[in-house]
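Read off the chains here:
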Amino acid sequence: MAEEESKSFSVELSEKGGIENKGFVQNEALNEKECNASSQEEIPEICSVGINSAAVQNQDCEVLKPFAGMPKEVLLKFSGQTRYRVTREILFWLIIASAPVLVGATIAIVAVSPKCLDWWQGSPIYQIYPRSFKDTNKDGNGDLKGIQEKLEHIMYLNIKTIWITSVYKSPLKDFGYGVEDFRDVDPMFGTMRDFENLIAAIHDKGLKVIMDLIPNHTSDKHSWFQLSRNRTGKYADYYIWHDCAHTEGTITPPNNWVSVYGNSSWQYDEVRKQCYFHQFGKEQPDLNFHNSAVQEEIHDIIKFWLGKGIDGFSINAVKFLLEATHLRNEPQVDKSQNPESISAYSELYHDFTTTQVGMHDIVRSFRHTLDEFSIEPGRYRFMGTEANNQENIEATMMYYGTSFIQESDFPFNFYLINMENFSGNSIFETVSLWMKNMPKGKWPNWAVGDPSTARITSRIGKEYTKVINMLLLTLPGTPTTYYGEEIGMENIATENVSEGLRNSNILRKKSPMQWNGNLHAGFSEGNISWLPVNLDYQNVNVEPQSQAWQRLGVMHPSPMAFARSCILLPSCCQGLAGDAAVPQLQPALEQGL
């Protein structure tokens, strides 16, 4: 039977003018030409070989080259067989099916993998009150050049982000938070060129810088207010004006709204013959954010400073941006209290002057403007909000935004600052409160000092200062520290403050930075200082503490760097421990406090 199939196949090839050579078929004419060129021996007309290789009839065919491969008819004969066709189809559909699986797996891995920490997450934020940091021109006031001169100290602390409080041109009625010109630097701190040089120097050292933005109000010296009180053009409605009775020096305000600093939040203006609204001091009239032109002005200010190179903002007092337009009286905390006697901010529920509908939309619009400047790789622009609502943690968490719409990167967390007493249990409860209420995927932050709060050492004692600083640096998230807290500075005594400044309790926390044991603690080489330094400056200053760490010969350049290294993993990518990390704090805190 095999011989018959062999003969049949040989005849078929012969009829088609082809010859077979070791299983490969080639054209006879080509082979004759090749064989004649290489040998004068006669080549048979037909050189046929059966399927069985043992039936080779002519060994001369071994010299035939090159092979032409299977002819189309033979290829189709085999390719049409079931075993080959099914195999090809199975492989084809496996490839098609695996493609979306691989894409989906890639997306899933990226989604669940911890993100690399951004610059505002990877190190502490160091808050500076410029007037008290370093004086370089001997006038007794700290300045921008002083910050630039002391950048090495900040790097020594292993800090990557500097937060500069308000340096805008201001009458300084509220320590710079009543702004006269949002596009200029107050001459006390230097010039715009000094500011630009400082930003360049900070960036040259690989650091980032954020600054305060106070959009809620301006100074009454601001050009907008001067134009508004004269009802000039679009500026007429830049502030909140309302009729109020004014008889023989007595003002009857439109309602019972009270300023944060106490007494009525309405102030009569002799020029416009109306009352304007102020949530803070009477020299700080509130802007009218119901006016879209005012919102656009603030967006332009944000763009102006981003264009100067800053890396983000801390936006102050955002919960005060909008007020109810109906001007109803706010509810009293004590219903039995005589309404005429209300003068303190704590005596009212501020239902109509804080966190009004539309306020979060305005904050999100600020985020959108910062995002426009975050397109360049490595230049993400940070936005934090100063919006703590101590009585309502859910209201504070709303400043994070939603899963779909981002607001601030985080609202600054002052819950540890506002604690009435420090103990292991109270700290544990405060930390747990934030971590358990923080939206999923968001980033926590912590602060234990700021310009408006007594220093750590003055609040809880010297023996606990290092414990609290270590706690701050080892909690999950971004710590914020206030200048001088790293060396244990204390408030200055009230009797040491000049008579003209003694009325402000805030000043006690703003005493000049203690750099060394020289005159004015090295803050200024001049003969004066705008505030006196603490009497303990010869023992509590930067110089001996730096030398002490250098004598230890440790790898880490500072206690702050050492503490931070304990929680930052070698890889840049890490996840938060979340609630699982919180219980670990309590035993340690109980031992330290």
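The structure presented is a predicted model; accordingly, all values stated were derived computationally and were not measured. (Residues numbered from 1 in each chain as written. Predicted model: local features only at pLDDT ≥ 70, side-chain atom pairs only at ≥ 80, totals over all residues. Heavy atoms only, no water.)

Caption draft 1: Geometry of the nonpolar core. With 75 residues, the main nonpolar core has Phe195, Trp305 and Phe313 as its most contacted residues. Excluding anything up to four places from it in sequence, Trp305 contacts Tyr168, Phe182, Arg183, Asp184, Val185, Met192, Phe195, Met211, Ile310 and Phe313. In this structure, Tyr380, Leu416, Val431 and Met438 belong to the second largest nonpolar core, which totals 33 residues. (Core = buried A, V, L, I, M, F, W, Y, C linked by side-chain atoms within 4.5 Å. Buried < 20%, exposed > 50% of the residue type's maximum accessible area, 1.4 Å probe, protein only. Contact = heavy atoms within 4.5 Å.)

Caption draft 2: Structural context of the side chain of Thr385. Inspection of the secondary structure assignment puts Thr385 in strand β14 (residues 382-385). Setting aside chain neighbours within four positions, we find Thr385 in contact with Ile315, Val318, Val363, Tyr399, Ser408, Phe410, Pro411 and Phe412. (Helix = DSSP H or I, 4+ residues; strand = E, 2+ residues; numbered from the N terminus.)

Caption draft 3: Expanded view of the packing of aromatic side chains. Tallied over the entire structure, the rule returns 34 aromatic pairs. Centre to centre, the rings of Phe412 and Phe414 are 6.4 Å apart; their planes meet at 15 degrees, and the pair counts as stacked. Accessibility expressed as a relative area gives 10% for Phe414, which makes it buried. A network of ring pairs unites the aromatic residues Trp119, Trp120, Trp163, Tyr380, Phe382, Phe410, Phe412 and Phe414 as a single cluster. Over the ring of Phe304 we find Arg183; its NZ or CZ atom is 5.9 Å from the centre of that ring. Over the ring of Tyr483 we find Arg455; its NZ or CZ atom is 4.8 Å from the centre of that ring. (Phe/Tyr/Trp six-rings, centres within 6.5 Å; stacked < 30°, edge-to-face > 60°. Lys NZ or Arg CZ within 6 Å of the ring centre and 35° of its normal.)

Caption draft 4: Broad picture of the UniProt feature "transmembrane region" (unreviewed entry) in the chain. UniProt's entry tags residues 90-112 with the feature "transmembrane region" (unreviewed entry), counted in the numbering of this structure. Secondary structure content for residues 90-112 is 100% helix and 0% strand, while the C-alpha to C-alpha distance between its ends is 33 Å. (UniProt positions renumbered as here; feature names shortened; annotations may be inferred.)

Caption draft 5: Region of interest: the pairing of strand β4 (residues 161-164). Side chains Thr161 and Trp163 of β4 all project onto a buried face; the interleaved residues Ile162 and Ile164 project onto the opposite face, where all are buried too. As defined by bridge partners, strand β3 (residues 125-128) adjoins β4 across four bridges and the pair is classed as parallel. When the bridges of β4 are listed, Ile128 appears paired with Ile164. (Pairing = 2+ DSSP bridges.)

Caption draft 6: Quick look at the environment of Cys244. Looking at the element boundaries, Cys244 is found in the loop between β8 (241-242) and β9 (245-247). For the pair Cys244 and Tyr276, spaced 32 residues apart in sequence, the C-alpha to C-alpha distance is 9.4 Å. When residues no more than four places from it in sequence are discounted, the contact partners of Cys244 are Ile251, Thr252, Pro253, Pro254, Tyr268, Gln274 and Cys275.

Caption draft 7: Focus on the pattern of salt bridges. Inspection of the entire model under this criterion finds 14 salt bridges. The salt bridge involving Asp269 is made with Arg229; its shortest N-O contact spans 2.5 Å. In this pair, Asp269 sits in strand β11 (residues 266-269) while Arg229 sits in helix α8 (residues 223-229), placing the two residues 40 residues apart along the sequence. Judged by its relative accessible area of 3%, Asp269 is buried. As a salt-bridge pair, Glu485 and Arg455 come within 3.9 Å of each other at their nearest N and O atoms. With Glu485 in the loop between β17 (478-482) and α15 (542-552) and Arg455 in the loop between β16 (445-447) and α13 (456-460), the pair connects residues that are 30 residues apart, well separated along the chain. The pair Glu485 / Arg455 is uniform in exposure class, with both members buried. (Salt bridge = Lys/Arg side-chain N within 4 Å of Asp/Glu carboxyl O.)

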